[in-house]
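Listed here are the chains, written in short residue letters.
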Amino acid sequence: MTERIALYPGSFDPLTNGHLDILSRARRLADRVVVAILENDAKTPLFTVSERIAMIHEIVGDDPATPVRSFSGLLVDFAKEVGATLIVRGLRAVSDYEYELQMALMNRRLTPSIETVFLMAKEEYSYVSSRLVKEVARLGGDVTGLVPEAIRLRLVERVGKELLVEKSKVKGRT
Ligand code: PNS
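The rules behind each value
Residues numbered from 1 in each chain as written. Predicted model: local features only at pLDDT ≥ 70, side-chain atom pairs only at ≥ 80, totals over all residues. Heavy atoms only, no water. Buried < 20%, exposed > 50% of the residue type's maximum accessible area, 1.4 Å probe, protein only. Helix = DSSP H or I, 4+ residues; strand = E, 2+ residues; numbered from the N terminus. Pairing = 2+ DSSP bridges. Phe/Tyr/Trp six-rings, centres within 6.5 Å; stacked < 30°, edge-to-face > 60°. Contact = heavy atoms within 4.5 Å. Polar contact = N/O pair within 3.5 Å; in protein donor to acceptor, adjacent residues only side chain to side chain. Near = heavy atom within 4 Å. Areas by Shrake-Rupley, 256 points an atom, 1.4 Å probe, with all protein chains shown as cover.

Draft legend 1. A look at the pairing of strand β4 (residues 86-90). Of all the five residues making up β4, four are buried; the element is thus mostly covered by neighbouring parts of the structure. Of the strand pairs in this sheet, strand β1 (residues 5-10) and β4 are connected by two bridges, and their pairing is parallel. Paired with A6 across the two strands is L86, which belongs to β4. Strand direction decides the pairing type here: β4 and strand β5 (residues 115-119), joined by five bridges, are parallel. Pairing of R89 across the sheet is with F118, part of β5.

Draft legend 2. Spotlight on the packing of aromatic side chains. For the structure on display, the rule yields two aromatic pairs. Residues Y8 and F12 carry aromatic rings whose centres are separated by 5.2 Å and whose planes lie at 80° to one another, so their mutual orientation is edge-to-face. Here the aromatic rings of F71 and F78 are separated by 5.3 Å at their centres, their planes lie at 15°, and the arrangement is stacked. F78 shares its class with F71; the two are buried.

Draft legend 3. Seen up close, the environment of L119. Counting through the fold element by element, L119 comes out in strand β5. Between the C-alpha atoms of L119 and H57, which are 62 residues apart in sequence, the distance is 22 Å. Those residues in contact with L119 that lie beyond four places of it in its chain are I22, R25, A26, L29, V88, R89, G90 and L91.

Draft legend 4. Main features of the side chain of K134. Looking at the element boundaries, K134 is found in helix α5 (residues 130-138). On the basis of relative accessible area, K134 is assigned to the buried category, the value being 14%. Here the side chain of K134 touches D13 through a polar contact of 2.9 Å, side chain to side chain. Ignoring anything within four residues of it in the chain, the contact list for K134 reads D13, P14, L46 and L155.

Draft legend 5. Region of interest: the site of the ligand. In the vicinity of the ligand, the contacting residues are G10, S11, L38, K43, F71, G73, L74, L75, R89, Y99, M103 and N107. L75 places a polar main-chain atom, nitrogen or oxygen, 2.8 Å from an oxygen atom of the ligand. One nitrogen or oxygen atom from the side chain of R89 is found 3.0 Å from an oxygen atom belonging to the ligand. Against a free-state accessible area of 550 Å², the protein chains account for coverage of 76% of the ligand. When residues of the shell around the ligand are assigned to their parent elements, the largest contribution, three residues, is made by helix α4 (residues 94-110).

Given below as structure tokens:
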């Protein structure tokens with residue numbers, strides 16, 4: 001029997017508990033779920049791609065069923081490269097729908113043989129996004145329970161460093 005491979009793409013800057021929940025659900029649909037981190041120079045990420053790969057590895061372990069890779073270019077091309085026939089995306093609120101629909105239809109137009117499937121995370125994660133988690137952490141809020149503890153610690157450390165850099169820039173100007 002051929003192995004069913006799914007691709008779970010995203011920015012994962014950083015990985016949240018919502019992402020983890022989607023990943024474990026995706027594991028039930030496929031023999032292997034490749035976590036695919038987009039290398040995007042246009043966005044200014046908090047963590048580099050290699051830091052994100054290392055952090056996700058730390059959380060999911062070195063499981064051959066959940067390899068972690070980065071990619072650039074078209075998602076469907078990367079899907080073909082790894083032999084994936086499914087693209088998994090998490091869907092939270094209705095607000096996600098329009099963007100996700102556009103991506104799914106564009107990807108289908110590019111490669112009709114690859115199917116996008118949407119999965120819903122646990123209700124308790126329905127409002128959790130990497131963007132909001134970073135914002136809360138930057139403003140000194142507690143993100144415990146929203147991201148894995150190891151990632152929370154890295155997050156707190158990184159936003160603390162950002163603050164120090166900002167302060168030294170202000171100091172340099174005065
Ligand atoms: O977590 P994100 O940032 O919403 O993930 C977006 C991602 C990486 C899935 C999307 O930007 C993507 O697939 N980019 C690759 C470029 C591509 O294939 N574009 C055309 C199809 S929409």
